[in-house]
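What the coordinates show
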Amino acid sequence: MGSEVWNVLVTGGAGYIGSHTVLELLEAGFQVVVIDNLINAYKDLNSEKPKCLLIVEKLTNKNVTFIDCDITNINDLRDVFQKHTFSCVIHFAALKAVGESCQKPLEYYKVNVAGTVNILEVMRENNVKHFIYSSSATVYGIPEQLPLVEDMKTGNCTNPYGKTKFMVEEILKDLCKSDDEFSVISLRYFNPVGAHSSGQIGEDPNGIPNNLMPYIAQVSVGKRDMLYIYGNDYDTPDGTGVRDYIHIVDLAIGHVKAMTYQKTCNPMGFKAINLGTGKGYSVLEVIRAYEKASGKKIPYKIVERRPGDISASYADASVANKELGWTTTKNLDDMCADTWKWQQNNPNGYKN
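An account of the accompanying structure is given in this report. Per-chain numbering applies: the sequence of each chain, read as written, is numbered from 1 onward. Two thresholds apply to this predicted model, a pLDDT of at least 70 for residue-level local features and 80 or more for giving and counting side-chain atom pairs, whereas whole-chain, interface and lining totals are computed over all residues. Side-chain numbers here rest on the full set of heavy atoms in the structure, without hydrogens or water.

Attention now goes to helix H5 (residues 105-125). Secondary structure elements follow DSSP: runs of H or I no shorter than four residues count as helices, runs of E no shorter than two count as strands, and numbering proceeds from the N terminus. Helix span, expected: 1.5 Å multiplied by one less than the number of residues in the helix. The end-to-end C-alpha distance of H5 is 29 Å, a good match for the 30 Å that 21 residues give at a rise of 1.5 Å each. Think of it in three bands: residues with accessible area under 20% of the maximum for their type are buried, residues over 50% are exposed, and the middle band is partly exposed, with areas taken using a 1.4 Å probe on protein chains only. Looking at H5, one finds that the buried residues are Tyr-108, Asn-112, Val-113, Gly-115, Thr-116, Asn-118, Ile-119, Leu-120, Val-122 and Met-123. Just downstream of H5 lies Asn-127, where phi reads positive at about 60 degrees.

Written out as structure tokens, the structure is:
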């Protein structure tokens, strides 16, 4: 198993995390097929491929096979598996905004849960048994203690988005119990931020950003007037929410390490692994670091808390270090500098 080249299916590979992971997979020598329905990707007018993947091909000097496909359509998924042979699936495709999930729960369950069941069903039909799942620290719910460790209780989730990630993890556990040939690694991310050091690929949210860093970035280039901070009365040192921010490239490399681990060690069953830095930063700390990186003042206004938000969350990442040989290499200053470089080069994202 260790020597042959693996052909990898990456679902949602035209998204923010997906595109950076595709780049690292290509650099590591894997062959990659991407499926995406392009609802959150900018399509190049002169190509069938989304612009981010064209840039990935240019940066790596390697080819990506792209297929426009929606995971909620099982017959389209079956077509993909009939045309290509896969060794492993990395599954990113999902709806991911916490606030939106509270307003549109059915859409989130349909895509994130039912869509994932479709993929697993087609994998089973085609005897593809290696699966890397894009999970989230939201599965831990309101932390009883910090840092968060993989064997802590999960499921007391504060929003439908987190519930979908928890439900899929439970489905994956049951699948592994029913079929001992399945090898599943569920990577629980903390807060991915930053951009590739080239400044050519980065986060390009549709409409108003749901996450802190892209919002700050859009304020810094004058696209938005000010940042809204949702609550300053949390039980944290400065009252603003504390999160474990992880550089997108470190996160992407975590997927390569997880798949290399599957390829060389072939672990059976379900395994959850945190991907985070192990350190939390408050909203105000992130603002100050971004101001330092960009030389721009970020105006902000304190408003009411958002439903579903918690005061603090950060990881114990020692399992990733021990099992995968993975550790983060980039700090908050790197995250802010690379975000600024991407936003400065691409004030309108991929539409430039």
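So, on to the sheet that holds strand S14 (residues 312-313). Strands pair in a sheet through their backbones, by hydrogen bonds, and they do so in one of two ways: parallel or antiparallel. We call two strands paired when DSSP finds no fewer than two bridges between them. Taken together, the 3 strands give an open sheet; going across it, the order is S12-S9-S14, and neighbouring strands pair in mixed fashion. Only two strands of the sheet have a single partner each, and these edge strands are strand S12 (281-282) and S14. Bridge count for strand S9 (residues 242-243) against S14 is 2 bridges, and the pairing is parallel. For Val-242, the partnering residue across the bridge sits in S14 and is Ala-312.

This next bit is on the nonpolar core. Counting 46 residues, the largest nonpolar core has Val-22 and Met-259 as the members making the most contacts within it. Tallying contributions element by element places helix H8 (residues 248-265) first for this core, with 7 residues. It only takes one pair of heavy atoms within 4.5 Å for two residues to be counted as in contact. Every residue in contact with Val-22, bar those within four places of it in the chain, is listed here: Val-10, Gly-13, Val-32, Val-34, Leu-53, Val-56 and Val-64. Judged by nonpolar contacts, the second largest core, of 26 residues, contains Leu-77, Met-123, Phe-182 and Val-184. Residues enter a nonpolar core if they are buried and are Ala, Val, Leu, Ile, Met, Phe, Trp, Tyr or Cys, with the set joined through side-chain atoms within 4.5 Å.

Glancing now at unusual backbone geometry. Cis geometry is found at the peptide bond from Leu-146 to Pro-147, where omega equals 0 degrees. For Pro-147, the position within the fold is in the loop between strand S5 (130-136) and helix H6 (160-178). Residue Asn-266 is not a glycine yet carries a positive backbone phi of 50 degrees. Here Asn-266 shows up in the loop between H8 and strand S11 (269-275). With relative accessibility at 30%, the residue Asn-266 sits in the partly exposed group.

All right, on to the sheet that holds strand S3 (residues 65-68) then. Spatially, S3-S2-S1-S4-S5-S6-S11 is the arrangement adopted by the 7 strands of the open sheet, whose pairing is parallel. Of all strands in the sheet, those with a lone pairing partner are S3 and S11, marking the two edges. The sheet shows a mean angle of 20 degrees between the axes of neighbouring strands, taken without regard to direction. Sheet topology places S5 next to strand S6 (residues 183-189); 7 bridges connect them, and they run parallel. Within S6, the residue paired with His-130 across the bridge is Ser-183. In this description, a line fitted to the C-alpha atoms serves as the axis of each element, helices being fitted only across the stretch in contact, and the angle between N-to-C directions of two axes falls anywhere from 0 to 180 degrees. Contacts from H5 reach strand S1 (7-11), strand S4 (88-91) and S5 within the one sheet, and its direction differs from that of S5 by about 170 degrees. Along the sheet, H6 contacts S5, S6 and S11; its crossing angle with S5, the most-contacted strand, is approximately 155 degrees.

Counting buried residues in S1 gives 5 out of 5 residues, a clear majority hidden from the surface. Burial of S1 is two-sided: the residues Asn-7, Leu-9 and Thr-11 facing one way and the residues Val-8 and Val-10 facing the other way are all buried. The pairing of S1 with strand S2 (residues 31-36) spans 5 bridges and is classified as parallel. In the strand pairing of S2, Val-8 is matched with Val-32. Handedness of the crossover joining S1 and S2 through helix H1 (residues 16-27) is recorded here as right-handed. For crossovers, right-handed means that the path from the first strand over the helix to the second runs clockwise, given strands pointing away from the viewer.

Attention now moves to the state of the cysteines. The disulfide definition used here is simple: a pair of cysteine sulfur atoms within 2.5 Å. Evaluated as defined, the whole model comprises 0 disulfides. Cys-88 provides the cysteine sulfur closest to Cys-176, a residue in no disulfide bond, and the two sulfurs are 13 Å apart. No disulfide involves Cys-265; its sulfur sits 14 Å from that of Cys-88, the nearest cysteine. Note on Cys-265: relative accessible area 48%, which makes it partly exposed.

Further remarks concern the packing of helix H7 (residues 212-220) against helix H11 (residues 332-345). One way to put it is that H7 packs onto H11 with a least axis distance of 10 Å and a crossing angle of 50 degrees. Classed by the angle they form, the pair H7 and H11 counts as oblique. Classified by chirality, the crossing of H11 by H7 is right-handed. On H11, the residues touching Met-213, Ala-217, Gln-218 and Ser-220 of H7 are Met-335, Cys-336, Thr-339, Trp-340 and Gln-343. Note that Gly is not counted as nonpolar here; it falls among the polar residues with everything else outside the nonpolar set of Ala, Val, Leu, Ile, Met, Phe, Trp, Tyr, Cys and Pro and the charged set of Asp, Glu, Lys and Arg. Taken together, the residues of the contact of H7 with H11 break down into 5 nonpolar, 4 polar and no charged. The labels follow the angle: roughly parallel below 35 degrees, roughly antiparallel above 145, roughly perpendicular from 65 to 115, and oblique for the rest. Here a crossing is taken to be left-handed if its near helix is turned anticlockwise relative to the far helix by less than a right angle, and right-handed if that turn runs clockwise.

This brings us to the pattern of salt bridges. A side-chain nitrogen of Lys or Arg and a carboxyl oxygen of Asp or Glu constitute a salt bridge if their distance falls within 4 Å. Tallied over the entire structure, the rule returns 15 salt bridges. Here Lys-173 makes a salt bridge to Glu-170, at a shortest N to O gap of 3.0 Å. Of this pair, Lys-173 and Glu-170 both sit in helix H6, 3 residues apart, which is roughly one turn of the helix. For Asp-333, the salt bridge identified is with Lys-292, shortest N-O distance 3.2 Å.

Moving on, we come to the environment of Asp-174. Relative to the helices and strands, Asp-174 resides in helix H6. Each C-alpha atom of the pair Asp-174 and Phe-270 lies 9.0 Å from the other, and the pair is 96 residues apart in sequence.

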